[in-house]
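As a plain string of letters, each chain reads:
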Protein chains: 2
Amino acid sequence: MSGTAVSNANSRTRRVADLAAGEEFHSGTYEVTREGIRQFAAEFDPQAFHLMDDPKSFFGEQVASGWHTAAITMRLFVEALPLAGGRVGAGVDGLKWPAPVRPGDTLQVKATVKDVKASRSKPGTYILTVLVETSNQSGQLVQTMTPTVVVREPGEKPS
Amino acid sequence: MSGTAVSNANSRTRRVADLAAGEEFHSGTYEVTREGIRQFAAEFDPQAFHLMDDPKSFFGEQVASGWHTAAITMRLFVEALPLAGGRVGAGVDGLKWPAPVRPGDTLQVKATVKDVKASRSKPGTYILTVLVETSNQSGQLVQTMTPTVVVREPGEKPS
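Residues numbered from 1 in each chain as written. Chains lettered and ligands numbered in written order. Predicted model: local features only at pLDDT ≥ 70, side-chain atom pairs only at ≥ 80, totals over all residues.

Q: Can you walk me through the overall build of chain A in this structure?
A: Counting secondary structure elements, chain A contains three helices and six strands. When its helices and strands are written in sequence order, chain A yields β-β-α-α-α-β-β-β-β. For chain A, the C-alpha atoms occupy an extent of roughly 55 × 30 × 25 Å along the three principal directions. Across the 159 residues of chain A, 42% fall into the buried class. Contacts in chain A between residues at least 24 apart in sequence constitute 71% of all its contacts with a sequence separation of at least 6. (Helix = DSSP H or I, 4+ residues; strand = E, 2+ residues; numbered from the N terminus. Buried ≥ 20, exposed ≤ 12 C-beta atoms within 10 Å, placed from the backbone. Contact = placed C-beta atoms within 7 Å.)

Q: Please explain the nonpolar core as it appears in this structure.
A: Proteins that are soluble and globular tend to have nonpolar side chains buried together. Formed by 76 residues in total, the largest nonpolar core has its most connected members in A:Ala71, A:Phe77, A:Ala111, B:Ala71, B:Phe77 and B:Ala111. Not counting residues within four places of it along the chain, the set of residues in contact with A:Ala111 comprises A:Phe25, A:Phe77, A:Ala80, A:Leu81, A:Val130 and A:Val132. (Core = buried A, V, L, I, M, F, W, Y, C linked by C-beta atoms within 7 Å.)

Q: How should I be thinking about the relation of the copies chain A and chain B in this particular structure?
A: Mapping between the two copies of the chain is achieved by a rotation about an axis and a shift along the axis. Mapping chain A onto chain B calls for a screw motion: a turn of 180° about the axis and a shift of 0.0 Å along it, with 0.0 Å RMSD after fitting. On the angle and the small slide along the axis, the relation comes out as a two-fold axis. Of every C-alpha in chain A, the one belonging to A:Asp93 sits nearest the axis of rotation, 3.0 Å from it. A share of 100% of interface residues in chain A that are also interface residues in chain B marks the association as one of identical surfaces. (Least-squares fit on C-alpha atoms with pLDDT ≥ 70 in both.)

Q: I'm lost on the interface of chain A and chain B in this one. Help?
A: The figure often quoted for interface size is the accessible area lost as the parts come together. Counting from both sides, the interface comprises 28 residues of chain A and, opposite them, 28 residues of chain B. If you list the elements that add at least two residues to the side of chain A that touches chain B, you get helix H1 (34-44), helix H2 (48-51), helix H3 (66-80) and strand E3 (88-96) of chain A. As judged from the four bridges shared by E3(A) and strand E3 (residues 88-96) of chain B, these two strands associate in the antiparallel manner. What sits directly across from A:Val92, in E3(B), is B:Leu95. (Pairing = 2+ DSSP bridges.)

Q: Before we go on, may I ask you to explain H3(A) in this structure?
A: Note on helix geometry: an α-helix contains 3.6 residues per turn, so any two residues three or four positions apart are oriented the same way. Given a rise of 1.5 Å per residue, 15 residues ought to cover 21 Å, and the 20 Å separating the end C-alpha atoms of H3(A) matches this to within 8%. H3(A) sits mainly inside the fold: 15 of its 15 residues count as buried. (Expected span 1.5 Å × (residues − 1).)

Q: Sorry, what's going on with the environment of B:Phe59 here?
A: Assignment of secondary structure puts B:Phe59 in the loop between helix H2 (48-51) and helix H3 (66-80). When near neighbours in sequence (up to four residues on either side) are disregarded, B:Phe59 contacts B:Phe49 and B:Pro100.

Q: I keep staring at the environment of A:Thr13 and nothing clicks. Help me out?
A: Residues and elements named next belong to chain A. Within the secondary structure, threonine 13 is located in the loop between strand E1 (3-7) and strand E2 (24-32). For threonine 13, a count of 9 C-beta atoms within 10 Å corresponds to the exposed category. Sequence spacing of threonine 13 and asparagine 136 is 123 residues, and the spatial spacing of their C-alpha atoms is 25 Å.

Q: Whenever I open this one, the environment of A:Lys122 confuses me. Can you help?
A: Residues and elements named next belong to chain A. The residue lysine 122 is located in the loop between strand E4 (106-118) and strand E5 (125-135) in this model. Note on lysine 122: 14 C-beta atoms within 10 Å, which makes it partly exposed. Separated by 24 residues in sequence, lysine 122 and proline 98 have C-alpha atoms that sit 37 Å apart.

Q: Got a minute to help me understand the pairing of strand E6 (residues 141-152) of chain B in this structure?
A: Consecutive residues of a regular strand have side chains that alternate between opposite faces of the sheet. All names here are of chain B. Sheet topology places E3 next to E6; six bridges connect them, and they run antiparallel. The residue of E6 that forms the bridge with glycine 89 is valine 149. Connecting strand E5 (residues 125-135) to the antiparallel partner E6 that follows it, the hairpin turn spans five residues, and glycine 139 within it adopts a positive phi of roughly 80°.

Q: What is the right way to read the pairing of strand E4 (residues 106-118) of chain B from this model?
A: All names here are of chain B. Here six bridges tie strand E2 (residues 24-32) to E4, and the two strands are oriented antiparallel to one another. Across the sheet, the residue bridging to histidine 26 is lysine 110, located in E4. Alignment of E4 against E5, held across ten bridges, turns out to be antiparallel. Each residue of the ladder has a partner; that of alanine 111, found in E5, is valine 132. Two successive antiparallel strands, E4 and E5, enclose a turn made up of six residues, where glycine 124 displays a positive phi of approximately 85°.

Q: Which parts of the structure should I look at to understand the packing of H3(A) against H3(B)?
A: When two helices pack together, their arrangement is captured by the angle between the axes and the distance separating the axes. Where H3(A) contacts H3(B), the two axes come as close as 10 Å, and the packing angle between them is 175°. With respect to H3(B), the axis of H3(A) lies roughly antiparallel. For the pair H3(A) and H3(B), contact is made by A:Trp67, A:Ala70, A:Ala71 and A:Met74 and by B:Trp67, B:Ala70, B:Ala71 and B:Met74, respectively. Here the residues of the contact of H3(A) with H3(B) sort into eight nonpolar, no polar and no charged. (Axes fitted to C-alpha atoms, helices over the stretch in contact; angles between N-to-C directions. Parallel < 35°, antiparallel > 145°, perpendicular 65-115°, else oblique. Nonpolar A, V, L, I, M, F, W, Y, C, P; charged D, E, K, R; others polar.)

What is shown is where atoms sit, not what they do.
Structure below.
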């Protein structure tokens with residue numbers, strides 16, 4: 001484990017067909033540790049300023065890889081909005097990291113439904129677009145993105 | 001380790017100021033293991049079809065989280081195009097996963113320089129836009145994205 005989910009949102013599993021644009025969902029929190037940042041970076045993004053405090057770098061201290069922030073966000077997003085049938089990423093628009101994540105930061109996700117479409121060609125399959133915003137303990141945005149996910153509603157017959 | 005870098009690209013570190021649009025860089029390869037897929041999913045994307053073979057899912061078998069593919073891609077991208085001064089992600093356009101990654105797949109990255117701009121406000125800082133394409137051993141694209149990264153050239157005085 002590279003961090004700790006210190007609280008869980010009390011979300012119940014939703015059916016995608018029942019979601020409406022504008023609905024908001026909030027995750028629990030996830031505490032990012034120095035060792036977690038180092039481990040993720042060693043495996044996936046081995047740049048000095050992710051592995052250790054690097055006074056000469058952009059940040060002057062150790063910060064998390066943006067891909068680590070993205071991975072933590074996915075975990076919080078799955079918790080914030082559990083979907084019967086799961087979700088498969090089709091693509092992501094506008095992935096941005098407006099501020100770095102530092103050791104000890106506690107992250108939380110807000111997911112706002114933007115659009116839900118039933119697939120015409122595949123009955124029981126829905127295309128869901130969601131604005132996913134990740135903030136730290138000060139309320140500062142550390143990541144924003146708008147993923148489009150494919151959800152197959154269980155109990156509806158696939159084509 | 002959730003996978004094995006089985007070969008490394010023989011890249012030398014480049015200065016961002018010397019890169020030209022159209023230049024291509026190829027990474028070494030990375031073998032994705034069943035256990036690696038499970039470990040990443042358990043921590044960051046705990047959906048059944050990432051944790052195990054799930055005959056009822058979209059895929060009918062275990063597949064990697066797209067965020068795992070993205071993290072592996074970052075590692076291969078850093079190898080393919082080592083930059084003096086490192087790189088910091090500003091944002092990513094058009095992140096897509098056109099095909100799933102399965103246990104035993106071997107991934108490789110091609111990075112094509114799209115644009116290099118010197119920052120006007122911060123001397124020694126460059127904004128680099130790169131098309132990053134990740135393929136499996138059959139040459140099938142499993143991820144595409146166009147990140148914009150900020151690179152501070154070492155030896156040039158920051159503002």
